[in-house]
Amino acid sequence: MKMKSSRKLRAGIARLKEDANKIREDQRCIREEQVKMREKLEEIRNDCEFIKNEAEEITQLSQRTQSRLDLIFLILDARKNNDFVKANVYSTALRLLLNNNNTSSDDHNNNNGKLI
């Protein structure tokens, strides 16, 4: 009787060791997957930051374009109404705006694509 229970005990211990090894392997796989997921998450965060910066830059470019168009239409309207003084004022403002934009574009190009 003692022998039977001893065999059962050894068999139970062997199963527990197998289970422990399986659990260890599962935990190792989980850790590896967690590392991969962290790397993917970091990559996604970097992509989001890049897209956010690109969207901000596009918005700024759109705003500059709209400002130029507004001044151009004011110039055209003033000329249509033979108000050449206003047309000259708006032309000067447009010229200044274009010079400022060219200066900031140069700064933009000299800063590796980052707006300042």
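Residues numbered from 1 in each chain as written. Predicted model: local features only at pLDDT ≥ 70, side-chain atom pairs only at ≥ 80, totals over all residues. Heavy atoms only, no water.

Caption draft 1: Local environment of the overall build of the chain. A count of helices and strands for the chain gives two helices and zero strands. For the chain, the proportion of contacts with a sequence separation of at least 24, taken over those separated by at least 6, is 43%. Surface summary for the chain: the accessible area is close to 10200 Å², and the carbon and sulfur share equals 56%. (Helix = DSSP H or I, 4+ residues; strand = E, 2+ residues; numbered from the N terminus. Contact = heavy atoms within 4.5 Å. Areas by Shrake-Rupley, 256 points an atom, 1.4 Å probe, with all protein chains shown as cover.)

Caption draft 2: View of a nonpolar patch on the surface. A cluster of nonpolar side chains, Leu69, Ile72, Phe73 and Leu76, forms an exposed patch at the surface whose accessible area comes to about 370 Å². Tracing the sequence through the fold places Leu76 in helix H1 (residues 2-80). A relative accessible area of 47% means that Leu76 is categorised as partly exposed. (Patch = residues over 30% accessible without salt bridge, like charges linked within 9 Å, V, L, I, M, F, W, Y side chains within 5 Å. Salt bridge = Lys/Arg side-chain N within 4 Å of Asp/Glu carboxyl O. Buried < 20%, exposed > 50% of the residue type's maximum accessible area, 1.4 Å probe, protein only.)

Caption draft 3: Focus on the pattern of salt bridges. Within the structure shown, the criterion is met by four salt bridges. For the salt bridge of Lys22 with Asp26, the shortest nitrogen-to-oxygen distance reads 2.9 Å. Taken together, the residues Lys22 and Asp26, both in helix H1 and four residues apart, mark about one turn of the helix. What makes Asp26 partly exposed here is its relative accessible area of 34%. Across the pair Lys36 and Glu33 runs a salt bridge whose closest N-O atoms are separated by 3.6 Å. You can see Lys36 and its partner Glu33 sitting in helix H1, three residues apart, about one turn around the helix. Relative accessible area serves as the criterion here: at 41%, Glu33 is assigned to the partly exposed category. Among the charged side chains, a network of salt bridges with common partners joins Glu25, Arg28 and Glu32.

The quantities given are spatial measurements derived from coordinates; they are silent on function.
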